[in-house]
Amino acid sequence: MKALYVIAVMAAAAPAAHAQQVDPYTGNTVAIEEGRGLYNGACTGCHGINGAAGEIGPGLAIPGRSYARNTDAQIFDAIKQGIPETAMPAQQSKFNDDQIWKITAYVKGLRGTAIDAPSPGDIVHGEAVFWGKGECGSCHMVRGRGSVIGPDLSNLAGSRKTNSIIAALTSEQHRVYGPGGAQPHNLVPLQTYPVVRVTTLDGKTVRGVLRNEDSFSMQIMGLDQQLYLLDRAKLKTIIYEPKGLMPTDYDKRLSKVEFDDLLAFLTRLGSAPTLQEPEVRMPGGRDPD
């Protein structure tokens, strides 16, 4: 009787212990890339490539979707054992545990920001495309190098999803998707960078990105990277251009290899976000001593 009790306790404890398992390949870019290859080679018959929805299986990285299986162990079990009463089959006959952990790391990385599952490609060549043919540095700054006209991209991959980065490069209509990142959080909305062209009463023309304006003044970051503080009363014309400076046809401007390598570079810019400590304030707005 005592032996049966011990067996029962061990059996009950096993799932709980397994639930505590942590993927040994989380954040390991080499292993994640192997997981990507295993996934694309065996799982895209049901799911879409790179985590998109397929003809049978749902998308594994759909923006804003809530997932029933979030932990490493839950994703691992879903791959290994399958999901009862669904079309998801067990994969334990195809993959060993080590391979399943790599697929798990890839799938979980898809749900985070780009830094959690960076795109494959030649990073060095991608950086050369960024500063060269892509002309990205004419507007953007990375690690202190480049222009201040557009947003600083030094932490792009730590704050944006891969599909958001691709959309910004290829689509006029794009937005930031959330939640995402190493820790669940809502991603900060994209800032807007409207382009404006003004002419002063003495005939000078300034074209650039509108940084701020009110009923009396305008602040424009000119294409010459100079900040202009302008009195609206001294402006002859103000033209708000309908399109921004950011090209959205990089998939056509660049070859496939160039585009893929640029994406490999961009999806490695920055670090994974972490939970911030909550701000502590005393009643009445006083800071704690």
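Residues numbered from 1 in each chain as written. Predicted model: local features only at pLDDT ≥ 70, side-chain atom pairs only at ≥ 80, totals over all residues. Heavy atoms only, no water.

1. Some remarks on the environment of Ile79
Right, on to step 1. Of note, Ile79 is situated in helix H3 (residues 72-81).
Right, on to step 2. For Ile79, a relative accessible area of 9% translates into the label buried. (Helix = DSSP H or I, 4+ residues; strand = E, 2+ residues; numbered from the N terminus. Buried < 20%, exposed > 50% of the residue type's maximum accessible area, 1.4 Å probe, protein only.)

2. A look at helix H9 (residues 256-266)
Right, on to step 1. For H9, the tally of buried residues reaches eight of 11 residues, placing the bulk of the element in the interior.
Right, on to step 2. Looking at the buried residues of H9, the elements they touch are helix H5 (123-131), helix H6 (156-159), helix H7 (162-170) and helix H8 (250-253). (Contact = heavy atoms within 4.5 Å.)

3. Concerning the confidence of the model for the protein chain
Low-pLDDT portions of the prediction should not be read for the details of their coordinates.
Right, on to step 1. When pLDDT is averaged along the protein chain, the result is 80, and 78% of the positions lie at 70 or above.
Right, on to step 2. Across the protein chain, H5 holds the top mean pLDDT of 97, while helix H1 (residues 2-19) sits lowest at 40.
Right, on to step 3. Confidence over residues 1-19 falls short of pLDDT 50; this stretch has four contacts with residues more than four positions distant or in other chains.
Right, on to step 4. The low-confidence segment residues 275-289, where pLDDT is below 50, has eight contacts with residues more than four positions distant or belonging to other chains. (pLDDT = per-residue confidence, 0-100.)

4. Quick word on the pattern of salt bridges
Right, on to step 1. Considering all chains together, one arrives at 12 salt bridges under this definition.
Right, on to step 2. Arg232 is the salt-bridge partner of Glu213, the closest N and O atoms lying 2.8 Å from each other. With a gap of 19 residues between them, Glu213 in strand S4 (residues 205-213) and Arg232 in the loop between strand S6 (227-231) and strand S7 (235-240) connect regions that are remote in the sequence.
Right, on to step 3. Given the relative accessible area of 34%, Glu213 is considered partly exposed.
Right, on to step 4. Of the charged contacts, one joins Asp249 and Arg253 as a salt bridge, the two residues approaching to 2.7 Å between their closest N and O atoms.
Right, on to step 5. When salt bridges that share partners are traced, they join Glu34, Asp98 and Lys102 into one network. (Salt bridge = Lys/Arg side-chain N within 4 Å of Asp/Glu carboxyl O.)

5. Looking at the packing of aromatic side chains
Right, on to step 1. In total, this model carries four aromatic pairs according to the counting rule given.
Right, on to step 2. Ring geometry for Phe130 against Trp131: centres 4.8 Å apart, planes inclined by 80°, an arrangement best described as edge-to-face.
Right, on to step 3. What makes Trp131 partly exposed here is its relative accessible area of 23%.
Right, on to step 4. Each residue in the set Phe130, Trp131 and Phe265 is aromatic and connected to the rest through ring pairs, giving one cluster.
Right, on to step 5. One Lys or Arg, Lys102, reaches over the ring of Tyr25 and ends 5.4 Å from the middle of that ring.
Right, on to step 6. Seen from the ring of Tyr250, Arg253 lies directly overhead, with NZ or CZ sitting 5.8 Å from the centre. (Phe/Tyr/Trp six-rings, centres within 6.5 Å; stacked < 30°, edge-to-face > 60°. Lys NZ or Arg CZ within 6 Å of the ring centre and 35° of its normal.)

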